Amino acid sequence: PNYKKQQFVMVNGEVRYTGRYVIDNKSTRISDILKRAGDLTLDAYPKGAILLRNESITGIEKKIRGEQEKSIQKLDTSSSAAINDSLELNQEFVTIDLAYILKNPGSSKDIFLEDGDVLNIPRCLNVIKTKGEVIYPQAVAFNKGQSARKYIRQSGGFGEVAYKRKTYVAYQNGRVKATKFYLLWKSYPKVYPGSIIIVPKKPEQLNKGISLAELSATAAVTSSLATTVFLIFSILNK
């Protein structure tokens, strides 16, 4: 009657001993499993760590997953492969900050693990990739402190139909940050090793501009309003 099925968590990537580990109790945290896995290797990149967790998908979640699959097709990293696999296996991302967890084991961010969890710790990729509506999409060496805008310039700049204000950065751990606006200034997301800078295409309605017919109609309306205002002032001044 007291029998309980053993629960496991899988640890992949840059740890000394990869493999499947038993979850001893309900209070087993990420830091506990990493200690048993021999801690990280010298090539590990904590900021890129991914935690995948089993989930049941119904209704609106299926639509969201469809959008995720479209976005993933733009990515080209080992992390994107892990992301794609997780979608097929009905797994979801649990946002983690492994760098913080390693410094603060047992904290609120050092979450409890569940049966079937997969912890993937990638190696540090010292390249940045540009995708989408740039002149020459490519991979370039990571330069600490360099902005996303400068990486886009290294790729030839924005293309003709680039939706500049919607530029975003996808990180190795699956997080995505968009460009922010402060009055007339754009603030591009920070770039870390392994990031992908993606410039989407403008929607068609924004590319068409104003046709001659629309300009003529606008001019006619403006002229009519001006005539009406002139007549009103003429009557009032009599």
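The rules behind each value
- Along each chain, residues carry numbers from 1 onward, in the same order as the chain's sequence is written.
- Only residues with pLDDT of 70 or above have their local features reported here, since the model is predicted, and side-chain atom pairs are shown and tallied only from 80 upward, although totals for entire chains, interfaces and linings are computed over all residues.
- Side-chain measures here rest on the full set of heavy atoms in the structure, leaving out hydrogens and waters.
- The pocket and cavity definitions rest on a 1 Å grid over protein atoms only: a 1.4 Å probe that fits but cannot leave marks a cavity, an open set with protein on both sides within 12 Å along at least five of seven lines marks a pocket, and residues lining either have an atom within 4 Å of a point.
- Grid points are joined across faces, edges and corners, and a volume is the space filled by probe spheres set on the points.
- Note that patches include only residues with greater than 30% relative accessible area and no salt bridge, and the join distances are 9 Å for like charges and 5 Å for nonpolar side chains (Val, Leu, Ile, Met, Phe, Trp, Tyr).
- The Shrake-Rupley method, run with a 1.4 Å probe, gives the accessible areas here. Residue values count only the displayed protein chains as cover.
- In what follows, salt bridge is the name for a side-chain nitrogen of Lys or Arg lying within 4 Å of a carboxyl oxygen of Asp or Glu.
- Just so you know, the count uses Lys and Arg for positive and Asp and Glu for negative, and it drops His and the chain ends.
- Note on charges: their place is set at NZ of Lys, CZ of Arg, CG of Asp or CD of Glu.
- Secondary structure elements follow DSSP: runs of H or I of four or more residues count as helices, runs of E of two or more count as strands, with numbering from the N terminus.
- Using a 1.4 Å probe on the protein chains alone, a residue whose accessible area is under 20% of its type maximum counts as buried, one over 50% counts as exposed, and one in between counts as partly exposed.
- Note on aromatic pairs: the rings of Phe, Tyr and Trp (six-membered ring only in Trp) are paired at centre separations within 6.5 Å, and the planes decide the class, stacked below 30 degrees, edge-to-face beyond 60, tilted for the rest.
- A positively charged side chain is recorded as over a ring if its NZ (Lys) or CZ (Arg) lies within 6 Å of the ring centre. The angle to the ring normal must also be within 35 degrees.
- Strand pairing is defined by DSSP finding a minimum of two bridges between the two strands.
- Axes here mean lines fitted to C-alpha atoms, for a helix over just the part in contact, with angles spanning 0 to 180 degrees between N-to-C directions.
- In this text, buried Ala, Val, Leu, Ile, Met, Phe, Trp, Tyr and Cys residues form a nonpolar core when linked through side-chain atoms within 4.5 Å.
- Throughout, a residue-residue contact means that at least one pair of heavy atoms, one from each residue, lies within 4.5 Å.

### Concerning the layout of surface pockets
Then comes step 1: Put simply, the second largest pocket is a space of about 280 Å³.
Then comes step 2: Lining the second largest pocket are 15 residues, and of these K47, Y171, N173, R175 and Y192 sit closest to its centre.

### Let's talk about a positive patch on the surface
Then comes step 1: Together, K47, K103, K109, K144, R175, K177, K180 and K190 give the surface a local cluster of positive charge.
Then comes step 2: Position of K47 relative to the elements: it lies in the loop between α1 (30–36) and β3 (50–54).
Then comes step 3: Under the relative-accessibility criterion, K47 is labelled partly exposed at 45%.

### Here's the deal with the packing of aromatic side chains
Then comes step 1: A complete count under the given rule lists one aromatic pair for this structure.
Then comes step 2: Here the aromatic rings of Y171 and Y192 are separated by 5.7 Å at their centres, their planes lie at 50 degrees, and the arrangement is tilted. Of this pair, Y171 sits in the loop between β8 (168–170) and β9 (176–178) while Y192 sits in the loop between β11 (185–187) and β12 (196–199); the two residues are 21 residues apart in sequence, bridging distant segments of the chain.
Then comes step 3: Take Y171: its relative accessible area is 12%, and that puts it in the buried class.
Then comes step 4: Positioned above the aromatic ring of Y100, the side-chain terminus of K109 is 4.6 Å from the ring centre.
Then comes step 5: Sitting over the face of the ring of F181, R165 holds its NZ or CZ atom 4.5 Å from the ring centroid.

### Some remarks on the sheet that holds β9
Then comes step 1: The mixed open sheet is built from five strands, whose spatial order is β7-β6-β12-β8-β9. Whereas interior strands pair on both sides, the edge strands pair on one side only; in this sheet they are β7 (139–141) and β9. Between one strand and the next, the sheet's axes are offset by a mean angle of 25 degrees, whatever the strand orientation.
Then comes step 2: Pairing of strand β6 (residues 127–132) with β7, which is carried by three bridges, proceeds in the antiparallel orientation. Residue pairing across strands places I128 opposite V140, the latter belonging to β7.

### Section: unusual backbone geometry
Keep in mind that most residues, glycine aside, have a negative phi and that most peptide bonds are trans.
Then comes step 1: Positive phi, normally seen in glycine, also occurs at D39, with a value near 70 degrees.
Then comes step 2: For D39, the position within the fold is in the loop between α1 and β3.
Then comes step 3: On the accessibility criterion, D39 (40% relative accessible area) is partly exposed.

### Notes on the pattern of salt bridges
Then comes step 1: Within the structure shown, the criterion is met by three salt bridges.
Then comes step 2: Note that R36 is salt-bridged to D24, the shortest N-O span being 3.4 Å. Linking R36 in helix α1 with D24 in the loop between β2 (19–22) and α1, this pair joins segments that are 12 residues apart in sequence.
Then comes step 3: On the accessibility criterion, R36 (33% relative accessible area) is partly exposed.
Then comes step 4: Note on D24: relative accessible area 56%, which makes it exposed.
Then comes step 5: Between D117 and R53 there is a salt bridge, with the nearest N and O atoms lying 2.7 Å from each other. Separated by 64 residues along the polypeptide, D117 in the loop between α4 (98–103) and β5 (118–121) and R53 in strand β3 bring together distant segments of the chain. Taken as a pair, D117 and R53 share a single burial class, namely buried.

### A short note on the nonpolar core
Then comes step 1: Formed by 20 residues in total, the largest nonpolar core has its most connected members in I30, L34 and I121.
Then comes step 2: Those elements giving two or more residues to this core turn out to be β1 (8–13), α1, α4 and β5.
Then comes step 3: In terms of residue count, the dominant contributor to this core is α1 (three residues).
Then comes step 4: In this structure, L34 is in contact with V15, D39, L40, L98, L102, L119 and I121, ignoring residues within four places of it in sequence.
Then comes step 5: Core analysis: the second largest hydrophobic core is formed by 14 residues, I128, V134, A148 and V199 among them.

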